[in-house]
Amino acid sequence: VEMLDASGAPVVVSGRGVVSAPPATVRVGGTTEPLQAWAGPWPVDERWWDAVRARRTARFQVLTRSGRLLLLGVERGQWWLSAEYC
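The structure reproduced in this document is the subject of the present report. (Residues numbered from 1 in each chain as written. Predicted model: local features only at pLDDT ≥ 70, side-chain atom pairs only at ≥ 80, totals over all residues. Heavy atoms only, no water.)

Now for the nonpolar core. Within the largest apolar cluster, 13 residues are counted, with the highest numbers of intra-cluster contacts made by Met-3, Val-26, Phe-60, Val-62, Leu-70, Leu-72 and Trp-79. Among residues more than four places away in sequence, those in contact with Val-62 are Met-3, Leu-35, Ala-37, Trp-38, Arg-68, Leu-69, Leu-70 and Leu-72. (Core = buried A, V, L, I, M, F, W, Y, C linked by side-chain atoms within 4.5 Å. Buried < 20%, exposed > 50% of the residue type's maximum accessible area, 1.4 Å probe, protein only. Contact = heavy atoms within 4.5 Å.)

Dropping the structure here:
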């Protein structure tokens, strides 16, 4: 999965939950779709008390123009698809 801004650059989320640019398109597998709407990021600090197993992620919900509603996550610059709503 890739989330891209209007110029085609990857969207980056800082450690403080700041988005580098508004998301414009999402690429899932070989399909790239423009976004109609998006919400997030929602930062998540999992196991912050455990230095070995701690994780920091951010989640987004996106709606593509074709009507797909996706829950995406990003951790250390790597995007993934967590869910697709029907």
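Moving on: the pairing of strand β3 (residues 31-46). Of the strand pairs in this sheet, strand β2 (residues 25-28) and β3 are connected by four bridges, and their pairing is antiparallel. Note on β3: the bridge partner recorded for Val-28 is Thr-31. Here β2 hands over to β3 after two residues, with Gly-29 in that stretch at a positive phi of 65°. With nine bridges joining them, β3 and strand β4 (residues 55-64) adopt antiparallel strand pairing. Bridge pairing in β4 links Asp-45 to Arg-56. (Pairing = 2+ DSSP bridges. Helix = DSSP H or I, 4+ residues; strand = E, 2+ residues; numbered from the N terminus.)

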